[in-house]
Protein chains: 2
Amino acid sequence: MASPMYRQIAEDLRAQIETGTLEPGQQLRTETELGKRYGASRNTVRDAMKWLITLGVVETRPGQGTFVVKKPKPFVTTLTADPKIGPGGDEVANYGSDVEAQRRIPFNSEPQVETQKASATIAAELRVAEGSHVISRHVKRYIDDTPWSLQTSFYPMGFALKGADQLLLAEDIKIGAVKYLGETLGLQQVGYRDWITVRAPDAIEAVFFNLPQDGRIVVFENFRTGFDQTGTPMRVTVTIFPTDRNQFKVNVGNLPPEDISTE
Amino acid sequence: MASPMYRQIAEDLRAQIETGTLEPGQQLRTETELGKRYGASRNTVRDAMKWLITLGVVETRPGQGTFVVKKPKPFVTTLTADPKIGPGGDEVANYGSDVEAQRRIPFNSEPQVETQKASATIAAELRVAEGSHVISRHVKRYIDDTPWSLQTSFYPMGFALKGADQLLLAEDIKIGAVKYLGETLGLQQVGYRDWITVRAPDAIEAVFFNLPQDGRIVVFENFRTGFDQTGTPMRVTVTIFPTDRNQFKVNVGNLPPEDISTE
DNA sequence: GCAAATTTGTTCGTATGTATT
DNA sequence: CAATACATACGAACAAATTTG
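Summary of the structure given here. Bear in mind that the values here come from a model prediction, so they are computed numbers and not experimental data. (Residues numbered from 1 in each chain as written. Chains lettered and ligands numbered in written order. Predicted model: local features only at pLDDT ≥ 70, side-chain atom pairs only at ≥ 80, totals over all residues. Heavy atoms only, no water.)

### Thoughts on the packing of aromatic side chains
Residue and element names in this part refer to chain A.
Part 1 of the reasoning: Evaluated as defined, the whole model comprises 19 aromatic pairs over all chains.
Part 2 of the reasoning: Taken together, a centroid distance of 6.3 Å and an interplanar angle of 80 degrees make the contact between Tyr6 and Trp51 edge-to-face. You can see Tyr6 sitting in helix α1 (residues 5–18) and its partner Trp51 sitting in helix α3 (residues 42–55), a full 45 residues away along the chain.
Part 3 of the reasoning: Looking at Tyr6, the relative accessible area reads 26%, which means it is partly exposed. (Phe/Tyr/Trp six-rings, centres within 6.5 Å; stacked < 30°, edge-to-face > 60°. Helix = DSSP H or I, 4+ residues; strand = E, 2+ residues; numbered from the N terminus. Buried < 20%, exposed > 50% of the residue type's maximum accessible area, 1.4 Å probe, protein only.)

### Some remarks on the protein's contact with DNA strand D
Part 1 of the reasoning: Looking at DNA strand D, there are 24 residues lining it, with A:Arg46, A:Thr60, B:Met5, B:Asn43 and B:Thr44 nearest.
Part 2 of the reasoning: Each atom of DNA strand D within 4 Å of the protein was classed as base or backbone; sugar and phosphate made up 70%.
Part 3 of the reasoning: For DNA strand D, a base oxygen lies 2.5 Å from a polar atom in the side chain of B:Asn43.
Part 4 of the reasoning: Within the side chain of B:Thr44, a nitrogen or oxygen atom sits 2.2 Å from a phosphate oxygen of DNA strand D.
Part 5 of the reasoning: Secondary-structure elements contributing two or more residues to the surface near DNA strand D are α3, β1 (58–61) and β2 (65–68) of chain A together with α1 (5–18) and α3 (42–55) of chain B. (Near = heavy atom within 4 Å. Polar contact = N/O pair within 3.5 Å; in protein donor to acceptor, adjacent residues only side chain to side chain.)

### A look at the protein's contact with DNA strand C
Part 1 of the reasoning: Lining the immediate surroundings of DNA strand C are 22 residues, of which A:Met5, A:Thr44, B:Arg42, B:Arg46 and B:Thr60 lie closest.
Part 2 of the reasoning: The side chain of A:Asn43 places a nitrogen or oxygen atom 2.9 Å from a base oxygen of DNA strand C.
Part 3 of the reasoning: Here a phosphate oxygen of DNA strand C sits 2.8 Å away from a polar atom, N or O, in the side chain of B:Arg46.
Part 4 of the reasoning: Mapped onto the surface near DNA strand C, the elements with two or more residues apiece are α1 and α3 of chain A together with α3, β1 (58–61) and β2 (65–68) of chain B.
Part 5 of the reasoning: In terms of residues, the surface near DNA strand C owes the most to one element, α3(A), which gives three residues.
Part 6 of the reasoning: Of the residues assigned to the surface near DNA strand C, the class counts are six nonpolar, 11 polar and five charged. (Nonpolar A, V, L, I, M, F, W, Y, C, P; charged D, E, K, R; others polar.)

### Quick notes on the environment of B:Thr197
Residues and elements named next belong to chain B.
Part 1 of the reasoning: With respect to the helices and strands, Thr197 occurs in strand β8 (residues 191–199).
Part 2 of the reasoning: Using a relative accessible area of 8% as the deciding quantity, one classes Thr197 as buried.
Part 3 of the reasoning: With 26 residues separating them in the primary sequence, Thr197 and Phe223 have C-alpha atoms 8.6 Å apart.

### Let's talk about helix α7 (residues 177–185) of chain A
All names here are of chain A.
Part 1 of the reasoning: All buried positions along α7 are accounted for by Ala177, Val178, Tyr180 and Leu181. Along α7, the residues classed as buried sweep out an arc of 160 degrees about the axis, all on the same side. Exposed positions of α7 whose direction lies more than 90 degrees from the buried face are Lys179 and Glu183.
Part 2 of the reasoning: Among the structural elements, β7 (146–156), α6 (158–161) and β10 (233–242) are those in contact with the buried residues of α7. (Arc of directions from axis to C-beta. Contact = heavy atoms within 4.5 Å.)

### What to know about the interface of chain A and chain B
Part 1 of the reasoning: Chain A puts 39 residues into the contact, and the matching count from chain B is 38 residues.
Part 2 of the reasoning: Both sides of the chain A and chain B interface together cover about 3400 Å² of buried area, and 61% of this is carbon and sulfur.
Part 3 of the reasoning: The salt bridge partner of A:Lys50 is B:Asp47, with a shortest N-O separation of 4.0 Å.
Part 4 of the reasoning: Between chain A and chain B we count 13 residue pairs in polar contact (both at pLDDT 80 or more) in total.
Part 5 of the reasoning: Taken together, the elements giving at least two residues each to the side of chain A that touches chain B come down to α3, β8 (191–199), β9 (219–227) and β11 (246–253) of chain A.
Part 6 of the reasoning: If you tally residues by element for the side of chain A that touches chain B, the top one is β8(A), at eight residues.
Part 7 of the reasoning: Partitioned by chemical class, the residues of the side of chain A that touches chain B number 18 nonpolar, 12 polar and nine charged. (Buried area = accessible area lost by both parts, 1.4 Å probe. Salt bridge = Lys/Arg side-chain N within 4 Å of Asp/Glu carboxyl O.)

The structure is reproduced here in structure tokens:
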């Protein structure tokens, strides 16, 4: 009896959900009904609900009721390059093929292109002066019509001035940005480094991914810095993935082919 | 007036924390005091506090008060192998060197060794029958005395019977488990695959890492499957890292040496 | 070591607002 | 428009944890 009543109620309901007595998507009894059943007031039941909500197992809809949450099937992204493509592959292309292998339909929005002054983080990764101008290309990415990731690539402004002017056009670069930079500037991406963190979504991300506003569901933030043949950073790509529907794989060394049919 | 009062109070306090008016570690005024100041009841202030708690910006300590949270300095783990070591390196050794480079002091508990029946997930990764026996070796890992990760490695039971009997001893394998398997069974780890997900911590993890019980702070779960020269899985290592103090790096291709002094 | 004061934690009751059916 | 169900807010009381005298 150490734990307070609202925790006991929450635990009982959670157990019912875990064991499948309550199925995903199913509606729970109303708060007043549960109060009667457990011999508690409606406010105490509501405390139990709040607890279950922060645990992410139920959600409430005003005017309707409380429901067991449905977990979406995760999207798996491989961070290491496909050996057939090598480290020079394009992010969009790479991720795309990875998704197709899972027989899903990816869709990217038209890029939104801006020129900005580099933030401290971006400047440090690109090794340019803080506040110097950079090109940012932003796309929204969907899989099977569900919001999947938000991706922004940053390039030094000099690239466009030296001949890679398509970087400034708000239009998909068909051959891929990396290949385009190779053809126009002779730059080759010989490697990249990913830096993966987890943080609460900002307001824009929460809206796009349809996440609760209170930051219960967090997002992956992946900084990918690409390096050219001289060891200089040529691009920084920041991709945001909500953790509730995304997973990553990293392949190192010689691996047998993966069986994806059972995923 | 669109947003409810408890959100307005929370937003005001959050802004004070963002701008530094309230510093990390600093104590907020008591709930009753804040209620008077904002013209709200104590319960409404408490709703604001709950909101800030799920946002992760404050924490309450019964009998003491409410405090602005201090964010710990993150630990960075590189998932791709050091090129000098190659994909055959040991997890413990690999991670260890990675941490030392950041001039921190890692410490591993003595391993806790058990034989178990393989769970569905472990069996699938190791490609053994579900329910067949496996050896599990579990260590608790600290850096600078703060709990850092929980790591469990699983090996097929056959390894011990065929000569690698030190796997069953609750004692550190000095030369590293991978090298030991090479010497005793001729197995070489030629590659591995990491599979990274994020989930709420279970009760044991929450206690070890000192995380709040309500699952607000989630953990990375990294499944690393190591493969031998025949392409057969030889080991599965599951490592749990709390996301509030851990980050990952992934290196692909040819990279310039990283400047770690500025981290 | 104990008692008092302080502060947050839990629970109840009640009233009113808002969203959906 | 009415009924239903969750959302917000107030007030009150007692419990539990911590610090201080």
